[in-house]
Amino acid sequence: MIGFVLRATGLTAVYLLVLTSLAPGDILVGAALGIALAAALRGGRHARPRRAPSLGALRAAGTMGAQTAAEMVRGSWRVVRLCLGAPCAPGLVEIPRGDRTRTEVAVWGVLTGEAPDEVVVDVDEERDVLVVHLVDASDPDAVRERHRRNHERTRRQVGR
Amino acid sequence: MGATLLAVLASGLLVLGLSLATIGLYGMLRRRDVFHQLHAAGLVMGPAVILVLLASVGSGSWEIVTSAALVVLFVLVTSPLSGHAIAQAAHRRRRRLSEDADRRA
């Protein structure tokens, strides 16, 4: 049910954002369209049952967003230093994929790439690692440890 | 008072965003390695653009702010993906060239 409400609210929000309007009539039409579309999407999900996002998952999403924002700020500073010619040690770092599913790897890759000092280069399926190019690759173990810690925190919050 | 504060905030965001964009552009021209250029481009296409878009709060217009919010979401999704596509191509090309060189040696 939470998933349905979230989808309907999200679709309504996109409709209102595109219209750039908060007029009551537009909100009503947007809500009707959002609910109808969310219901249609729910009806088409007979292929495999999906769990509705729990409150823990929402909290984990919030934490991930905050971590990503903090990494964007720190990463911007590192890239500014790189651009201005400060000494740094750029290089490739391989981060173990761990027990992440394919979807989790995709989300992890996008969130990692938000910080300008980390560019996701490849996912090596054979060695089960994410290859990332970093502005500061002087301590690869610390980078791996940071990603492992963040992943474990997310897992704990989701309750898996 | 509120409008003045918003205008000051927007000016600060705009100056910060444009400064980051300028530094990023300088880095792109100065650096020769494709990965280094990607980091500089990431600075321009990510934080710099987002800060400039956030400066739209100073306009006081809901139409502009909501449009900017949509563009920020779009940038947040597309910026890492475009960086990854270029980095992956560069990495694979470099690996193929090094394998060819090894075979010739």
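Residues numbered from 1 in each chain as written. Chains lettered and ligands numbered in written order. Predicted model: local features only at pLDDT ≥ 70, side-chain atom pairs only at ≥ 80, totals over all residues. Heavy atoms only, no water.

J.: Teacher, can you tell me more about the overall build of chain A here?
T.: Broken down by element type, chain A carries five helices and three strands. Ordered by position in the sequence, the α and β elements of chain A form the string α-α-α-β-α-β-β-α. Here chain A has a C-alpha radius of gyration of 20 Å; the compact-globule value for 160 residues is 15 Å, and the former is much larger. Across the 160 residues of chain A, 37% fall into the buried class. Considering only residue pairs separated by 6 or more positions, chain A has 68% of its internal contacts joining residues 24 or more positions apart. When the 22 basic and 18 acidic side-chain charges of chain A are each reduced to a single mean position, those positions are 9 Å apart. (Helix = DSSP H or I, 4+ residues; strand = E, 2+ residues; numbered from the N terminus. Rg over C-alpha atoms; globule rule 2.2 N^0.38 Å. Buried < 20%, exposed > 50% of the residue type's maximum accessible area, 1.4 Å probe, protein only. Contact = heavy atoms within 4.5 Å. Lys, Arg positive; Asp, Glu negative; His and termini not counted. Charge placed at Lys NZ, Arg CZ, Asp CG, Glu CD.)

J.: Whenever I open this one, the packing of helix α2 (residues 34-54) of chain B against helix α3 (residues 62-104) of chain B confuses me. Can you help?
T.: Helices that pack against each other are described as a pair by the angle of their axes relative to one another and the distance between those axes. All names here are of chain B. Interaxial distance between α2 and α3 falls to 10 Å at its minimum, and their mutual angle equals 180°. With respect to their mutual orientation, α2 and α3 come out roughly antiparallel. Between α2, through V34, F35, L38, M45, G46, V49, I50 and L53, and α3, the contact on the second element is made entirely by A68, V71, V72, V75, L76, S79, G83, I86, A87, A90, H91 and R94. Tallied by class, residues from the contact of α2 with α3 come to 15 nonpolar, four polar and one charged. (Axes fitted to C-alpha atoms, helices over the stretch in contact; angles between N-to-C directions. Parallel < 35°, antiparallel > 145°, perpendicular 65-115°, else oblique. Nonpolar A, V, L, I, M, F, W, Y, C, P; charged D, E, K, R; others polar.)

J.: Where do I start with unusual backbone geometry in this structure?
T.: The bulk of non-glycine residues show a negative phi, and the bulk of peptide bonds are trans. Unlike most non-glycine residues, D128 of chain A shows phi in positive territory, near 60°. Here D128 of chain A is to be found in the loop between β2 (118-124) and β3 (129-134).

J.: It is not clear to me how the sheet that holds β3 of chain A should be interpreted in this structure. Could you clarify?
T.: Remark on secondary structure: sheet strands pair via backbone hydrogen bonds, oriented parallel or antiparallel. Residue and element names in this part refer to chain A. Within the open sheet, the three strands sit side by side as β1-β3-β2. Their pairing is antiparallel. Each edge of the sheet is formed by a strand with only one pairing partner; in this case those strands are β1 (91-96) and β2. For this sheet, the mean angle separating the axes of adjacent strands, direction not counted, is 30°. Note that β1 and β3 share six bridges and pair antiparallel. Paired with L92 across the bridge in β3 is H133. In the packing of helix α5 (residues 140-158) onto the sheet, the strands contacted are β1, β2 and β3, and the crossing angle to β1 comes to about 40°. (Pairing = 2+ DSSP bridges.)

J.: Is there a simple way to think about the interface of chain B and chain A in this case?
T.: Frequently, the measure chosen for interface size is the accessible area removed from exposure when the parts meet. Listed per partner, the contact involves 30 residues of chain B and 27 residues of chain A. When the two sides are added together, the surface that chain B and chain A hide from each other amounts to roughly 2400 Å², 72% of it contributed by carbon and sulfur. The tally of links between chain B and chain A comes to one salt bridge. A salt bridge links R92 of chain B to D122 of chain A, with the nearest nitrogen and oxygen atoms 3.3 Å apart. At the junction of chain B with chain A, the criterion picks out six residue pairs in polar contact (both at pLDDT 80 or more). Counting residues per element, the ones that place at least two in the side of chain B that touches chain A are α1 (2-30), α2 and α3 of chain B. Of the residues contributing to the side of chain B that touches chain A, the split by class is 15 nonpolar, eleven polar and four charged. (Buried area = accessible area lost by both parts, 1.4 Å probe. Salt bridge = Lys/Arg side-chain N within 4 Å of Asp/Glu carboxyl O. Polar contact = N/O pair within 3.5 Å; in protein donor to acceptor, adjacent residues only side chain to side chain.)

J.: Help me out: how do you make sense of the domain arrangement of chain A in this one?
T.: With domains assigned, chain A is organised as domain 1 (2-42) and domain 2 (55-158). Here the C-alpha centre of domain 2 of chain A lies 33 Å away from the C-alpha centre of domain 1 of chain A. (Domains from an automatic or database assignment.)

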